Amino acid sequence: MECAGKGRGTRCLGPPRKRCGRCGAVAYCSASHQISHWKEHREECDRLEQQMKRLDLVNDFPFTFSQEATLQINEKQESRCSFLSKRGIHQVGMWICECCCGASITSFNYSRPENNTWNFSSILCPCRGPSSPIGKSLCTWKDYYEWRCIPLHSPVALLLHWPLTVYHAIQIAGLGSLTFEVSKLRIHYLGPEKELLQLAVFGELRALFPGVHVHIELIGPAVPQHRDGDKIDLYSYAHCIEKDCSCKSENESTSCGIGTCISSAVTLQLHRGFYHDRFGDISENSFPHLVIAPNAGIAAYTSWLPTIELLKEINVPAVFSDYCEEACHLAACCINTVTSQPLRLPIQLNPFRQPMVVEDSTLILPCYSNCFLFAM
């Protein structure tokens, strides 16, 4: 992490080892930088102190690897690279961008077979349909793992947080009952980045919304120019590595070209650009039931302002996530400034946040992908 007073006129004197004595959420390289930053920090100090008190809840996961993926990475005893290497998934297939030495989005090529594979045996991943339908709404990772019969030492949640966050967003937006009433659920998904290299995991929405065709429009500047307009039909779940597993034959029997062509349960369509620029042509054929913006960073990018104005105008439930509670608070302030309206749903912890901490975050607060949610 960086010194919170960096850029205050003088050079940092070393690593930031001096924490704020009140909140403990920021650190400084020297007393002089701490003093110069106080005028700005005192406005956030009490709020950050309250957020630090909720650390145990934020770090609480049911997995056997939880301490390794949270505290040990946070304390530099472990890294994301070493965590993935121990499990044979470092820089492999869909896992390739889960650490700092991974591939960039510009290399995006979904057509490669390795981008459809978990790189695990079938017992460790959801490569086939569920053995039983969902009996109740899933509220925790433990609920999901039990339903899909996956052992708690499997790290597949590190990728499944994308479709599970979509699932949870639909529930908290009050659209859960809608999935029993419509044959096609339309979602506008804003600002995709590394999930563009992990699109096969969205096949899990077939299990989460049985009998519903989920159509997701993924819109953002990170979509490569040569993929703008691409349509991807997911006829199956992401595969395991077993050659004789039924997940392979399932794909062959349900894809086009063999006998009849069966409609896919999940369709992804890619669009390059900002939502407010592309909304007109996209919504003409696909007006959304829900808009979702994972890890949005609203306070960090002015390009969100016209999008927020558009979302206010179309009045569709819009769910945002971010890496920590403070980022959500700053985003909520921006939204209130633009719309003069309170949030539709207050800031809340996402039970399906990615269960591995982000390395080298700017705050001492632990950060997780899709950590907190709120809605306008």
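Under an unreviewed UniProt entry, the name given to the protein is Zinc finger MYND domain-containing protein 15 isoform X1, and the organism recorded is Herrania umbratica.

Observations regarding unusual backbone geometry
Even without glycine at this site, Asn 295 takes up a positive phi of about 45 degrees. Among the structural elements, Asn 295 can be located in the loop between β7 (290-293) and α11 (304-314). Residues other than glycine seldom take positive phi values, yet Asn 370 does so here, at roughly 60 degrees. Of the residues examined, Asn 370 reaches a relative accessible area of 0% and is grouped as buried.

Considering the packing of α11 against helix α12 (residues 325-339)
To characterise two packed helices, one gives the angle between the axes of the helices and the distance between these axes. Following both chains from N to C, one finds α11 and α12 inclined at 60 degrees, their axes separated by 10 Å at the closest point. In the packing of α11 onto α12, the handedness of the crossing is right-handed. Taking contact as the criterion, the partners of Leu 305, Ile 308, Glu 309 and Lys 312 in α11 are, on α12, Ile 335, Val 338 and Thr 339. Tallied by class, the residues present in the contact of α11 with α12 amount to four nonpolar, one polar and two charged.

Structural notes on the domain arrangement of the protein
What the domain assignment lists for the protein is domain 1 (1-59) and domain 2 (60-242 + 263-375). If you average the C-alpha positions of domain 1 and of domain 2, the two centres end up 30 Å apart. The interface is formed by 18 residues belonging to domain 1 together with 20 residues belonging to domain 2. Carbon and sulfur atoms supply 57% of the area that domain 1 and domain 2 bury against each other, a total of about 1,500 Å² over both sides. Its largest share of buried area at the contact with domain 2, domain 1 owes to Met 1, Val 58 and Asn 59, together 41% of the area lost on that side. Counting across the domain 1 and domain 2 interface gives two salt bridges.

Quick word on the sheet that holds strand β10 (residues 372-375)
Spatially, eight strands are ordered β5-β6-β4-β3-β7-β8-β10-β9 in an open sheet, and the strand pairing comes out mixed. Single-partner strands in this sheet number two, and they are β5 (231-234) and β9 (345-349). Strand-to-strand twist across the sheet, computed as the mean angle between neighbouring axes with direction ignored, equals 20 degrees. The sheet contact formed by β7 and strand β8 (residues 318-322) spans three bridges and is parallel.

Observations regarding the nonpolar core
Among the nonpolar cores identified, the biggest contains 103 residues, and Trp 118, Trp 141, Tyr 144, Phe 202 and Phe 320 are the most heavily contacted of them. Residue contributions to this core peak at 11 residues, all from helix α7 (residues 157-172). If near-sequence neighbours (up to four positions away) are discounted, Trp 118 is found in contact with Ile 89, Met 94, Trp 95, Cys 125, Pro 126, Val 156, Leu 159, Leu 160, Val 201, Ala 238 and His 239. Among the nonpolar cores identified, the runner-up in size contains 17 residues, and Cys 20, Ala 27, Cys 45 and Met 52 belong to it.

Some details on the pairing of β7
In β7, alternate side chains face the same way, and those of Leu 290 and Ile 292 on one face and Val 291 and Ala 293 on the other are all buried. Inspection of the sheet shows strand β3 (residues 184-190) paired to β7 by three bridges, in the parallel sense. In the sheet register, His 188 faces β7, and the bridge partner there is Val 291. Taking the sense of rotation as the criterion, the β-α-β connection linking β7, α11 and β8 turns out right-handed.

Examining the packing of aromatic side chains
Aromatic ring pairs are described here by two measures, namely the spacing of the ring centres and the angle between the planes. Tallied over the full model, the rule gives 19 aromatic pairs. Ring geometry for Phe 63 versus Phe 65: centroids 4.9 Å apart, planes at 5 degrees, classification stacked. What makes Phe 63 buried here is its relative accessible area of 5%. Each residue in the set Phe 61, Phe 63, Phe 65, Phe 83, Trp 141, Tyr 144, Tyr 145, Trp 147, Phe 352 and Tyr 368 is aromatic and connected to the rest through ring pairs, giving one cluster. Over the face of the ring belonging to Tyr 237 we find Arg 148, whose NZ or CZ atom lies 5.3 Å from the ring centre. In this arrangement the basic side chain of Arg 206 is found over the ring face of Tyr 237, its NZ or CZ atom lying 4.9 Å from the centre.

Points about the UniProt feature "domain: MYND-type" (unreviewed entry) in the protein
When the UniProt feature table is mapped onto this chain, "domain: MYND-type" (unreviewed entry) is found at residues 3-45. Taken end to end, residues 3-45 is 35% helix and 9% strand, and its two terminal C-alpha atoms sit 15 Å from one another.

Some thoughts on the confidence of the model for the protein
Per-residue pLDDT for the protein averages 91, and the proportion of residues at 70 or more is 93%. In the model, residues 251-262 has pLDDT below 50 throughout and makes 13 contacts with residues more than four positions away in sequence or in other chains.

Conventions and cut-offs
- Residues numbered from 1 in each chain as written.
- Predicted model: local features only at pLDDT ≥ 70, side-chain atom pairs only at ≥ 80, totals over all residues.
- Heavy atoms only, no water.
- Helix = DSSP H or I, 4+ residues; strand = E, 2+ residues; numbered from the N terminus.
- Buried < 20%, exposed > 50% of the residue type's maximum accessible area, 1.4 Å probe, protein only.
- Axes fitted to C-alpha atoms, helices over the stretch in contact; angles between N-to-C directions.
- Left-handed = near helix turned anticlockwise from the far one by under 90°.
- Contact = heavy atoms within 4.5 Å.
- Nonpolar A, V, L, I, M, F, W, Y, C, P; charged D, E, K, R; others polar.
- Domains from an automatic or database assignment.
- Buried area = accessible area lost by both parts, 1.4 Å probe.
- Salt bridge = Lys/Arg side-chain N within 4 Å of Asp/Glu carboxyl O.
- Pairing = 2+ DSSP bridges.
- Core = buried A, V, L, I, M, F, W, Y, C linked by side-chain atoms within 4.5 Å.
- Right-handed = clockwise from strand over helix to strand, strands pointing away.
- Phe/Tyr/Trp six-rings, centres within 6.5 Å; stacked < 30°, edge-to-face > 60°.
- Lys NZ or Arg CZ within 6 Å of the ring centre and 35° of its normal.
- UniProt positions renumbered as here; feature names shortened; annotations may be inferred.
- pLDDT = per-residue confidence, 0-100.

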